Amino acid sequence: MARFVTRRLLTMLLMLFAISVVTFVLFIVALPGGNPAAMIAGRLANQAEIHLISVRYGFDKPIYIQYVNTMANIFDGSAFSYQQGFNVLSQLGGDAPATLSLAIGAGILWLLSSIALGTLAAIRSGKYTDRVLTVLSMVGVSLPPFLLGSVLIQYVGYKASLIPLGGYVSITHPLQWLWHMLAPWFTLSVLFIGFYSRVLRGSILDAMGEDYVRTARAKGLSERKVLVKHVLRMSLLPIISLWGLDIAQVIGGGAILTETVFDLHGIGWQAAQSIGNFDTVTLLTIVMITALSVVVIGALIDILYAVLDPRIRLT
């Protein structure tokens, strides 16, 4: 077990290194206009002024030294956005409560809803209920969050005045916080519910044909016990894996459309602002936060699987 954990952690570090190199090259080297010195100097600056800024901030050094310095600044908290004028990690720390509120609340909503709907669709496989849920799940997967959010704001918020029009309220005001988060939670969850419920339905149907399920039925267990204690428990493993990775991606700014539509001022909203300002330092930091979240949670899930199923340790 110790060898598996060590190997998985080393793989995680190598993945983070590879991601950091690729993102640095894309944002700083390959991206047109990605020269930080030119961005600091402004559009009207001449080459001499750009060169002076390059020397002052170390942008004239070899690319590998720039990479090391950039990553060091990101991880020690000293990365600074020259376009927007703030310390990047301090700003993202202030944006994090909105993103965490959105990710955790929506994540719980789409996980529980997916389990209920996916199980119901599997039980009613081939029947009218299954067909209706299939259509609804396809609609959910196909419905862009910005469209659903805009419709909710326009018709449920503006015309019916049943939900707030946007903005984030601190959790220190729990009722107002909940009231402002209901629509964003629903908007972000719809797509995941449609996808997760179909995955779970397929997993349950596959599990029902396994030998251990037939053995459980042969022992005289009721269909409910077979479903809950055997079929559903094993079928939830891929769902939990997907859920962990998706939550990590949302925390890293993956809910950019939902946060922008509802003006939540989270990490996703900050990513949208940085794209508009061509702020490569902030965007690079957000990408690294997302990568770190996904890779770390993925490694933890793999280790948890190895604890639960010793066969995984051999792969």
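Per chain, residue numbering runs from 1 following the sequence as it is written. The model is predicted, so local features are restricted to residues of pLDDT at least 70 and side-chain atom pairs to those at 80 or more, both for listing and for counting; the totals for chains, interfaces and linings are taken over all residues. With hydrogens and water stripped out, all remaining heavy atoms of the structure feed into the side-chain values.

Glancing now at the overall build of the protein chain. From N to C terminus, the protein chain includes 13 helices and two strands. Its C-alpha atoms put the protein chain at 85 × 60 × 35 Å along the principal axes. Looking at the 315 residues of the protein chain, the share that counts as buried comes to 40%. By definition in these notes, contact holds between two residues if any of their heavy atoms fall within 4.5 Å. If you take every contact in the protein chain between residues at least 6 apart in sequence, the share linking residues at least 24 apart comes to 71%. To measure how exposed things are, a 1.4 Å probe is used in the Shrake-Rupley method; for residues, cover is taken only from the protein chains shown. For the protein chain, the accessible area works out to roughly 17100 Å², and carbon and sulfur atoms hold 68% of it. Only four residue types enter the tally: Lys and Arg on the positive side, Asp and Glu on the negative side, with His and both chain ends excluded. Taken as the charge location is NZ of Lys, CZ of Arg, CG of Asp or CD of Glu. In the protein chain, 21 side chains carry a positive charge and 15 a negative one; their mean positions are 14 Å apart. Secondary structure elements are taken from DSSP: a helix is a run of H or I of four residues or more, a strand is a run of E of two residues or more, and numbering for both begins at the N terminus. With a 1.4 Å probe rolled over the protein chains alone, any residue whose accessible area is under 20% of its type maximum counts as buried; one over 50% counts as exposed, and the rest are partly exposed.

Inspection of the secondary structure assignment puts Glu 259 in helix α11 (residues 256-261). Here a polar contact is recorded for every N or O atom pair within 3.5 Å, except that within protein the pair must consist of a potential hydrogen donor and a potential acceptor, and residues adjacent in sequence are included only if both atoms are side-chain atoms. In terms of polar contacts, Glu 259 uses its side chain to reach the backbone amide nitrogen of Ile 267, at 3.3 Å. Sequence-distant contacts of Glu 259, that is, excluding residues within four places in its chain, are made with Thr 99, Leu 102, Leu 264, Gly 266, Ile 267, Gly 268 and Trp 269.

Viewed as axis vectors pointing N to C, helix α5 (residues 88-123) and helix α12 (residues 267-277) meet at an angle of 130°, and their least axial separation amounts to 7 Å. Here α5 is positioned oblique relative to α12, judged by the angle of their axes. Side by side, α5 and α12 meet where Gln 91, Leu 92, Asp 95, Ala 96 and Thr 99 of the first sit next to Ile 267, Gly 268 and Gln 270 of the second. By residue class, the composition of the contact of α5 with α12 is three nonpolar, four polar and one charged. Axes here mean lines fitted to C-alpha atoms, for a helix over just the part in contact, with angles spanning 0 to 180 degrees between N-to-C directions. We call two directions roughly parallel when the angle between them is under 35 degrees, roughly antiparallel when it is over 145, roughly perpendicular when it lies between 65 and 115, and oblique otherwise. Amino acids outside the nonpolar list (Ala, Val, Leu, Ile, Met, Phe, Trp, Tyr, Cys, Pro) and the charged list (Asp, Glu, Lys, Arg) are all regarded as polar, and Gly is one of them.

Confidence scores labelled pLDDT are given residue by residue by the predictor and lie between 0 and 100. Confidence in the prediction for the protein chain averages 83 pLDDT; 92% of positions are at 70 or higher. Confidence, read as mean pLDDT per element, is least for helix α2 (residues 36-41) in the protein chain (69) and greatest for α5 (92).

A word on a nonpolar patch on the surface. Only residues above 30% relative accessible area that lack a salt bridge enter a patch, with like-charged residues linked at up to 9 Å and the nonpolar side chains Val, Leu, Ile, Met, Phe, Trp and Tyr linked at up to 5 Å. Here, a salt bridge means any side-chain nitrogen of Lys or Arg that lies within 4 Å of a carboxyl oxygen of Asp or Glu. Together, Phe 146, Leu 147, Val 151, Tyr 155 and Leu 257 make up a nonpolar patch on the protein surface, roughly 460 Å² of accessible area in all. If one sorts the elements of the nonpolar patch by residue count, helix α7 (residues 145-159) sits on top with four residues. Residue position: Leu 147 is located in helix α7.

For the rest of this paragraph, the subject is the pattern of salt bridges. In the structure shown here, the tally under the stated rule is three salt bridges. When the shortest N-O distance is used, the salt bridge between Asp 130 and Arg 201 registers 2.8 Å. Of this pair, Asp 130 sits in helix α6 (residues 128-142) while Arg 201 sits in helix α8 (residues 174-207), and the two are 71 residues apart along the sequence. Take Asp 130: its relative accessible area is 4%, and that puts it in the buried class. Here Asp 211 and Arg 214 are joined by a salt bridge, their closest N and O atoms 2.2 Å apart. One end of the pair is Asp 211 and the other is Arg 214, both in helix α9 (residues 211-218) and three residues apart, which spans about a single turn. Arg 214 gets classed as partly exposed once you look at its relative accessible area, which sits at 45%.

The next point concerns the side chain of Ser 20. Looking at the secondary structure, you find Ser 20 in helix α1 (residues 2-30). Within the structure, Ser 20 has its side chain in polar contact with the backbone oxygen of Phe 17 (distance 2.6 Å).

As a further point, take the environment of Ile 240. Counting through the fold element by element, Ile 240 comes out in helix α10 (residues 223-254). With 75 residues separating them along the chain, Ile 240 and Leu 165 place their C-alpha atoms 33 Å apart. When sequence neighbours within four positions are dropped, the list of residues in contact with Ile 240 reads Leu 111 and Ile 301.

Right, let's talk about the packing of α6 against α8 for a bit. Packed helices, taken two at a time, are described by their axes: the angle between them and the distance between them. Running from N to C, α6 and α8 cross one another at 135°; their axes reach a closest spacing of 7 Å. Between α6 and α8, the crossing angle belongs to the class labelled oblique. Our pair here, α6 against α8, has a crossing hand that is left-handed. Contacts between α6 and α8 pair Asp 130, Leu 133, Thr 134, Ser 137, Met 138, Gly 140 and Val 141 from the former with Val 190, Leu 191, Gly 194, Phe 195, Ser 197, Arg 198 and Arg 201 from the latter. When grouped by side-chain class, the residues that make up the contact of α6 with α8 number six nonpolar, five polar and three charged. The hand of a helix crossing depends on one turn: near helix anticlockwise from the far one by less than a right angle means left-handed, and clockwise means right-handed.

Turning to α7, a few remarks are in order. Between the first and last residue of a helix there are one fewer steps than residues, each counted as 1.5 Å, and that sum is the expected span. An ideal rise of 1.5 Å per residue puts 21 Å on 15 residues; α7 measures up with 20 Å between its terminal C-alpha atoms. Of all the bends in α7, the greatest measures close to 25° and is centred on Ile 153. Along α7, the residues classified as buried are Pro 145, Leu 148, Gly 149, Leu 152, Ile 153 and Gly 157. Looking at the buried positions of α7, the neighbouring elements they touch are α8 and α11. Following α7 by one or two positions, Ser 161 adopts a phi angle in the positive range, close to 55°. Two axes define the bend at a residue: one fitted to the seven residues ending there, one fitted to the seven starting there, and the bend is the angle between them.

On to unusual backbone geometry, then. Phi is mostly negative for residues that are not glycine, and the peptide bonds are mostly trans. Here the phi dihedral of Ser 161 falls at roughly 55°; this positive angle occurs in a residue that is not glycine. Mapped onto the secondary structure, Ser 161 falls in the loop between α7 and α8. Judged by relative accessible area, Ser 161 falls into the exposed class, the value being 56%. Notably, Asp 263 is not glycine yet its phi reads approximately 55°, a positive angle. By secondary structure assignment, the location of Asp 263 is in the loop between α11 and α12. Residue classification places Asp 263 among the partly exposed residues on the basis of a relative accessible area of 35%.

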